[in-house]
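Chain by chain, the residues:
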Amino acid sequence: MTEAYVALEGGHVLEGRGRASGTARGELVFTTAYTGYEESLTDPSYEEQVLTFSYPLIGNYGVREERFESDRVHPRAVLAKELTEDVAEWLESEGVPAVDHLDTRDVVTDIRDGGAMKCGIAVGEDVTEEDALAELEQCKAMSDHTDIGTQVSVDEPVVHGEDNDGETVALIDCGAKGSIIDSLLERDATVHVFPYNATVDDVAAVEPDVLFISNGPGDPVNFEQAITLVEEFVEDTPVAGICLGQQIVAESLGGSTEKMDFGHRGVNQPVLDLESGQVVMTTQNHGYTVAEPGDHLEVTQINVNDDTPEGIDGVEYDVITRQYHPEANPGPEDTLDFFDDVLAMASGRADSRAVPADD
Ligand SMILES: NC(=O)CC[C@H](N)C(=O)O
């Protein structure tokens, strides 16, 4: 019989039903998203995490490659109340352990009380609780994955939309979702995708109209080269960022970031634009946040639930970043116009708050 154990930080072990076999360890997090499991499971931002779905039934509309955000599943393991056969087979074929028949209400409550925590998973014919505890023992804190970029980034630069007539975007791939590239291509941009550790010379060679830092997994302070790129380019080149990208921009320009207790993961996170007073629904997936924007950046949007920064713009530089995922996939498309704003900024057409003040 297939055994399935989940060992939580502190040593508490849960028993469930094994749906995909193997052993794994990672940072235990939850998403409240009720749709979009194909997109979430292929989002590189989940690298080194174990993803719990709080919505009780996952997989009820199948598994379609056209919905994938990258070419593989990124969470180390998946926990749910009920996974369909389609999803279980997919995860088994990807070598990603999965456990269901768990009381995910308890798992979510544990994470909310204790914060995102380490965990170990063991699923298989002969596994024991000790196997899950052994995985837990070896689990590293997220911030200790210091070279996580190498696990999710392209190895070599790739160009998309070479024949497009629009702006030239240098996208630093810290684990970029495919929808970010698609959103730029749909707006006629040429997108040069660079490895997370690209040099200033590499990027300068394509003469970008905008330096765009992608989403990605882990702690922003571990993306030292991307932090350097923003410092080097910001005086002469507009800068944009999504999620990890916002955090990297803040780290570059005198701000700071910190780890949240359990983060924001879901598709109905309300965000208030401080200038217009408008609230939009957003997709989110992050465990770190900007703590202080620093003198060069100003917070322009906040999370309605906890006031954390959701939009940060440049004070004297052309900078626009968002903590949420404007590209949706999954989730609402309320914020797709972010890409129009970024490309307007890149072309110098921007009537943006980031325009330097007159003397
Ligand atoms: N989606 C992302 O880019 C995640 C950003 C970062 N890894 C965090 O957890 O906060």
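Residues numbered from 1 in each chain as written. Predicted model: local features only at pLDDT ≥ 70, side-chain atom pairs only at ≥ 80, totals over all residues. Heavy atoms only, no water.

You'll find the chain entered in an unreviewed UniProt entry as Carbamoyl phosphate synthase small chain, with Natrinema hispanicum given as the organism. The record held by UniProt for the chain lists under Sequence similarities (unreviewed entry) the comment "Belongs to the CarA family." Entered under Subunit (unreviewed entry) in the UniProt record, the comment concerning the chain runs "Composed of two chains; the small (or glutamine) chain promotes the hydrolysis of glutamine to ammonia, which is used by the large (or ammonia) chain to synthesize carbamoyl phosphate. Tetramer of heterodimers (alpha,beta)4." (UniProt positions renumbered as here; feature names shortened; annotations may be inferred.)

Draft legend 1. Inspection of the UniProt feature "binding site: L-glutamine" (unreviewed entry) in the chain at higher detail. Summarizing the sequence annotation, UniProt attributes the feature "binding site: L-glutamine" (unreviewed entry) to Ser-45, Gly-216, Gly-218, Leu-244, Gln-247, Asn-285, Gly-287 and Tyr-288 in the numbering used throughout. Spatial clustering of the annotated residues is evident: they stretch over 244 residues in sequence, but the largest pairwise C-alpha distance comes to 13.3 Å. Inspection of the secondary structure puts Ser-45 in the loop between helix H1 (37-41) and strand S5 (49-53). Non-local contacts of Ser-45, meaning those with residues more than four positions away in its chain, are made with Gly-175, Asn-215, Gly-216, Pro-217, Asn-285 and His-325. (Helix = DSSP H or I, 4+ residues; strand = E, 2+ residues; numbered from the N terminus. Contact = heavy atoms within 4.5 Å.)

Draft legend 2. Spatial organisation of the packing of aromatic side chains. With the rule as written, the count across this model stands at eight aromatic pairs. Look at Tyr-34 and Tyr-55: their rings are 6.5 Å apart centre to centre, the planes differ by 65°, and that puts the pair in the edge-to-face class. On the criterion of sequence distance, the pair formed by Tyr-34 in the loop between strand S4 (22-31) and H1 and Tyr-55 in the loop between S5 and strand S6 (57-58) is long-range, its members being 21 residues apart. With a relative accessible area of 38%, Tyr-34 lands in the partly exposed category. Given the relative accessible area of 37%, Tyr-55 is considered partly exposed. Aromatic ring contacts, followed pair by pair, group Phe-212, Phe-338 and Phe-339 into a single cluster. The ring of Tyr-288 has Lys-259 lying over it, and the distance from NZ or CZ to the ring centre is 4.7 Å. (Phe/Tyr/Trp six-rings, centres within 6.5 Å; stacked < 30°, edge-to-face > 60°. Buried < 20%, exposed > 50% of the residue type's maximum accessible area, 1.4 Å probe, protein only. Lys NZ or Arg CZ within 6 Å of the ring centre and 35° of its normal.)

Draft legend 3. Examining helix H2 (residues 85-94) more closely. Residues of H2 that are buried include every one of Val-87, Ala-88, Trp-90 and Leu-91, and no others. One side of H2 holds all its buried residues, which, seen down the axis, span an arc of 160°. Elements in contact with the buried residues of H2: strand S3 (17-20), H1, S6, strand S7 (77-79), strand S8 (82-83) and strand S9 (98-100). Where H2 terminates, the next one or two residues include Gly-95, which has phi positive at roughly 70°. (Arc of directions from axis to C-beta.)

Draft legend 4. A look at the nonpolar core. Ranked by internal contacts, the top residues of the largest apolar core, which has 30 residues, are Ile-172, Cys-174, Val-203, Leu-211 and Ile-248. Of all the secondary-structure elements, those providing two or more residues to this core are strand S12 (168-173), strand S14 (210-213), helix H8 (224-233), helix H9 (244-252) and strand S17 (279-292). Per-element accounting of this core gives the leading share, five residues, to H8. With residues near it in sequence (within four places) discarded, Val-203 still touches Ala-170, Ile-172, Phe-194, Ala-198, Pro-208, Leu-211, Leu-229 and Phe-233. One finds Val-169, Phe-212, Ala-240 and Phe-339 within the second-largest nonpolar core, a separate group that totals 21 residues. (Core = buried A, V, L, I, M, F, W, Y, C linked by side-chain atoms within 4.5 Å.)

Draft legend 5. The pattern of salt bridges, seen in detail. All chains considered together, the criterion is met by 15 salt bridges. Between Asp-100 and Arg-19 there is a salt bridge, and its shortest N-O distance comes to 2.9 Å. Remark: Arg-19 occurs in strand S3 and Asp-100 occurs in strand S9; sequence separation between them is 81 residues. Residue class for Asp-100 comes out buried when judged on its relative accessible area of 0%. Between Asp-313 and Arg-322 there is a salt bridge whose closest N-O contact spans 3.2 Å. On the basis of relative accessibility, which here comes to 5%, the residue Asp-313 falls in the buried class. (Salt bridge = Lys/Arg side-chain N within 4 Å of Asp/Glu carboxyl O.)

Draft legend 6. Local environment of the confidence of the model for the chain. Looking at the chain, the pLDDT average stands at 96 and 97% of residues meet or exceed 70. Confidence drops under pLDDT 50 across residues 352-359; counting only partners more than four residues distant or on other chains, this segment forms 16 contacts. With a pTM of 0.96, the predicted complex shows an ipTM of 0.98. (pLDDT = per-residue confidence, 0-100.)

Draft legend 7. Quick peek at the pairing of S5. Of all the five residues making up S5, five are buried; the element is thus mostly covered by neighbouring parts of the structure. Residues Gln-49, Leu-51 and Phe-53 point to one face of S5 and Val-50 and Thr-52 to the other, with burial holding for every one of them. Here five bridges tie S4 to S5, and the two strands are oriented parallel to one another. Among the inter-strand pairings, Leu-28 is bridged to a residue of S5, identified as Val-50. (Pairing = 2+ DSSP bridges.)

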